[in-house]
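One-letter residues, chain by chain:
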Amino acid sequence: MMSVLNQKLKQDIRQKWSMLLAVSAIIAVGIGCFIAMMSAAWNLEQAKNTYYASTRLADFRLDLKKVPIQEVKRLTSISGLSEIRERILFNVVLDIPKTEKVISAMLISMPDKAAPVLNNITIRSGTYFTPGRAAEVIVGEKFAKARNIKPGDIIPAILNNQRKELVVVGTAISSEFVYLTSPGSLIDEPGNYGLLYIKRSFAEDTFGFHGACNNIIGLLSPEVEHHAEKVINQLSQRLKPYGVFTSLSRSELFSSLALDNEMNSLKKMAVTLPVFFLLVAMLILNVLMVRLAEQQRTVIGTLKALGYSNKILIIHFMKFALSAGMAGGVLGIILGYWLGVSITNMYVIYFTFPALISDIYPGLFSFGLLISILFSVIGTLKGIHQVLQLSPAESMRQAPPAKGGAILLEQFHGLWKRIGIQWQMILRGFFRNRGKTAVSVLSATMGSAIVVLAFGFVSSIGEMVDLQFNQVLKSDYHLTFHNEMDFSALDEIRRLPGVFKAEPVFNVSALFRMKNHQKHGGISGIIRNGKLTQPIDEQGNSIQVPESGLLMSRRLMEKLDISIGDSIEVTPAIGERKPVKLPVIQAISSLMGLMVYADYTWLNRILGHEKLISEIRVITSHNEKQKQAFMKQVRKMPGLASLTDLAEQKKAMNRQMDNTMRYMAVIMIIFAAVIFFGAILNGTLISLSERRRETATFRSMGYFEHEVAGRFLRENMTTNLIGTLIGLPLGHWLLVISMQEFSTDAYSFPAKLAPMSLLYTLILTIIFVLLSQLVVRRILMNENWVKAMSLKE
Amino acid sequence: MKSSKNKEILINLDTIYRTFHTDEVEVNVLQGIDLQIYNGEFLIIFGESGSGKTTLMNIIGGIDQPTRGSISFEGKDIVTLSDHELTLHRRDNIGFVFQLYNLIPTLTAYENVETTTEIAFDPMDPIEALQLVGMEKRANYFPSQLSGGQQQLVAMARAIAKRPKIMLCDEPTGALDHDNSLKILELLQKINNATGTTIVMITHAGTLAAMANRTAYIVDGVIDHIVTNDKPTPVRKLNW
């Protein structure tokens, strides 16, 4: 008995293959998205876990002014601390020959002899340090590659105001810097900021750190892992007299944070984005199955009369829908795997792992297949309900004639008459097939929301770069110093060749405390009415620092549970480190880091200092000669820790955005196109199958093929434009939510949608509809309408 | 009703063959039809099911092309016309009436007629066409609100509204009861008499031959014989 039904199934599938393919394509994209993003996230996670474990990445890190090793050793008595390592860590300026720019690097001490220490490095070329020679250096692999540095090369560097020649013995990577950025930057700039590992003994000699360190890393015992913050706070409390600048848990380290954020974003997207596709596929399948049940009512009735049970018929119809679900699932797995590999390969450029492998996840694939089956089964339910409702006698009778009757719009008589027959037919059709019309509109809504989201991703990140580099930071370079300088440093900088403007900044690392909330952070003292640093309020408008009090990022205020007007306890990490109460005057929008601004003079005064400078921001001439002269002089400046080139940062950021966000956006738009095409073709094919006789009649009456096709075009254009108009605000809302989700303590993205994006989305919709129309016309051209004319309805 | 003796040829079919290819089978539906259709006549094409009546009608109406042979309309060859030209030919000259009415369910009776008048060269007012078939009072009814006979009347109004040179009716009473059939046939005769529109009607009811000027009997894809009737009987008087 089943073999006859299977024969019918084959025929049904053969007849409706194009509709099923359209549904399968949408399912495939949904499942593909899910598998691609999830497997990319899992690839990263796997690589991360293996790497962190094998190199024993520390659970926390503390940066201090200077602390005796004896004191560090005593910390082991703190319960919950299982291992501790002290390091000497400095930002230094390199003096690379034939390089005009000032290149900075982070210098980190390593044991003279290789040992399985915390945050161990993995040698990639050359060797670990050799005995005998003091000034040896192991260079971060990415930097070495970008600068073409090889073992045996010499890197001249300014260490503690002395020029030293470091001999490169090897290159290495570190799990601590899977994602390396220069201070104050979000983007890795491989050739502009490097990692240098030097011998502990050499670091002690060079920086005068005998028996002392300025960086502590450690592992926590498993039982306190979940309340790491408490132990870290305890540690910073103990070390308070030594000036703790920052105390960060592993997840707060920028490298870990960036990696975790990326994985989390991927996972969130993997779960949310496919919902759009699967929902649309499910609804289209629903329409398709209901129509199939209607079209085959006589067949169903006959089968029932012949004694086929409901159960057999349910399985029969289910199989039909499952063919779309299974095909979509399998295609989705293939697409997802391929796309997952491609996304993972993209991360190889940004994240440094010993190995980042694209794995195959059978469990994930099976789950993907299961979801596609589940959605296709749900999409079949209404059709099956219809099959069950039919009694054999009733279903063998011909279906009642298509409903007639006026629609509400016809009450506007004048207008109704003026729109012409074609539109009258279309509008009545919409209202008579409400379910199908709603699915068409909804599909376009989903498709266009994804397009808006794709445009929004690009423009939001563009906006962030623009706000950060054109509105907040207007300087060309930031010069930071190892120690606070007095005001004369500013005059010195102002006298350098090509400097148009220079403004001082007083950065203070501090512990913020409000009731039982506390957080390490920093205050930037900038000059009032300065031109080079302009904080922005939450609406993105430039504001000035108040004469007294703090401007604080909204995110930090929320973390500390502060309202405007509250006074917060601030314990600076410099000077006498006495806590002071400072009022928060206004909330600001902070794009990078949890920024707190105050007036330069006021901050100095309130902390008992006299015009100290920790950073100078400058605008210089863009004349090449003057630039060269400026760089030459800067390089010689004593106490310089780093020079940040903002134009370079902006360029790197835009480059990364081009590579990643635009790539993502293009893929999202292609996927949205699948929704549009799938939905339009399916809707049209259903309409066509129901209106074959009508279409044929029009042709016989002397209507041209393009006139007949025009009706489908008008229908599709109307539903899709309405859907798109609804999709625009939905897309914007999704963008706002996404940007909030993607934002972290380290960076936040404003949700920005260029007005033109809305227009582009509408234009894309029109293009998608027109392209689908080409297929619709092909179908109409191939239609045997002589045969269709005598069809029963 | 013009006499066929006037011999003013509207359509000339010359050795028309039509072969259909389905999968592996070749079906020769028309096997050399020769037929002249005269201007203003009422011609019945009579034949059993599968004799090729509808295929012949489709070819006359320019919605299908012969495999071999030639057809001219008012002396102009229509076999060589492009799809565009053929569409224009149908639009201007041919009015179709189908067995299953083929009305557009989403349009009212008036609007169904409008589908013709809005593209025709010199159409009637839709109301005028509906008056001609006595359906003006049902102008705002949708097909689903009309009986089968009424639907066919609207379909005839739709066909006549363009003032076609020829009306092709494919078993127009095939789906109707006796009374309604009578009404439709009477109307066809009336249109033929009053407007001089050439009418070709397919039927397999042999008694209807008496209402036409000529009846062509088609058997296995060829014209078996043609019977000319100089005095067509009014439909009411047919023993049918």
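Residues numbered from 1 in each chain as written. Chains lettered and ligands numbered in written order. Predicted model: local features only at pLDDT ≥ 70, side-chain atom pairs only at ≥ 80, totals over all residues. Heavy atoms only, no water.

A. Molecular detail of the packing of aromatic side chains. Residues and elements named next belong to chain A. Under the definition given, this model contains 22 aromatic pairs over all chains. A centroid spacing of 4.9 Å and a plane angle of 80° characterise the contact between Phe698 and Tyr703, whose relative ring orientation is edge-to-face. As far as burial versus exposure is concerned, Phe698 and Tyr703 are alike and both buried. Clustering of aromatic rings is evident, with ring pairs tying together Tyr179, Phe254, Tyr347, Phe351, Tyr747 and Phe749. (Phe/Tyr/Trp six-rings, centres within 6.5 Å; stacked < 30°, edge-to-face > 60°. Buried < 20%, exposed > 50% of the residue type's maximum accessible area, 1.4 Å probe, protein only.)

B. Molecular detail of the pairing of strand β8 (residues 162–174) of chain A. Residue and element names in this part refer to chain A. Relative to β8, strand β5 (residues 121–126) runs antiparallel, the two being bridged by five bridges. By the bridge assignment for β8, Ile123 is matched with Ala172. Summarising the sheet, strand β6 (residues 136–140) and β8 pair through five bridges and their orientation is parallel. Residue pairing in the sheet places Glu136 in a bridge with Val167 of β8. Strand direction decides the pairing type here: strand β7 (residues 154–159) and β8, joined by six bridges, are antiparallel. By the bridge assignment for β8, Pro156 is matched with Glu165. Count of turn residues in the β7/β8 antiparallel hairpin: two residues, of which Asn160 carries a positive phi of about 50°. (Pairing = 2+ DSSP bridges. Helix = DSSP H or I, 4+ residues; strand = E, 2+ residues; numbered from the N terminus.)

C. Local environment of the pairing of strand β2 (residues 25–38) of chain B. All names here are of chain B. In this structure, strand β1 (residues 9–22) lies alongside β2, joined through 11 bridges in antiparallel fashion. When the bridges of β2 are listed, Asn12 appears paired with Gln36. Counted between consecutive antiparallel strands, the loop separating β1 from β2 contains two residues, among which Asp23 sits at a positive phi close to 40°.

D. Representation of the nonpolar core. All names here are of chain A. In this structure, Leu44, Phe277, Phe353, Phe457 and Met653 are the most contacted members of the largest nonpolar core, which totals 131 residues. No other element matches helix α7 (residues 254–295), which puts 21 residues into this core. Here this core gathers at least three residues from each of two domains, domain 1 (58–251) and domain 2 (499–620). Each residue touching Phe353, except ones within four places of it in the same chain, is listed here: Leu44, Ala47, Lys48, Tyr51, Arg124, Ile173, Val178 and Leu259. Ile493, Phe512, Trp602 and Leu607 belong to the second-largest nonpolar core, a separate cluster that totals 48 residues. (Core = buried A, V, L, I, M, F, W, Y, C linked by side-chain atoms within 4.5 Å. Domains from an automatic or database assignment. Contact = heavy atoms within 4.5 Å.)

E. Helix α5 (residues 148–160) of chain B, seen in detail. Its 13 residues place the ends of α5(B) 18 Å apart at the C-alpha level, agreeing with the 18 Å of an ideal helix rising 1.5 Å per residue. The buried fraction of α5(B) is high, at 12 of 13 residues. Within α5(B) the residues assigned to the buried category are Gly149(B), Gln150(B), Gln151(B), Gln152(B), Leu153(B), Val154(B), Ala155(B), Met156(B), Ala157(B), Arg158(B), Ala159(B) and Ile160(B). Where α5(B) is buried, its residues contact α20 (692–700) of chain A together with β6 (94–97), α3 (109–117), α4 (126–132), β7 (166–170) and α6 (178–195) of chain B. (Expected span 1.5 Å × (residues − 1).)

F. Inspection of the pattern of salt bridges at higher detail. Residue and element names in this part refer to chain A. Under the criterion given, the structure shown has 45 salt bridges over all chains. Arg711 is paired through a salt bridge with Glu715; the nearest N and O atoms lie 3.6 Å apart. Of this pair, Arg711 and Glu715 are both found in helix α21 (residues 705–742), four residues apart, which corresponds to roughly one turn of the helix. In terms of burial, Arg711 and Glu715 fall into one category: buried. (Salt bridge = Lys/Arg side-chain N within 4 Å of Asp/Glu carboxyl O.)

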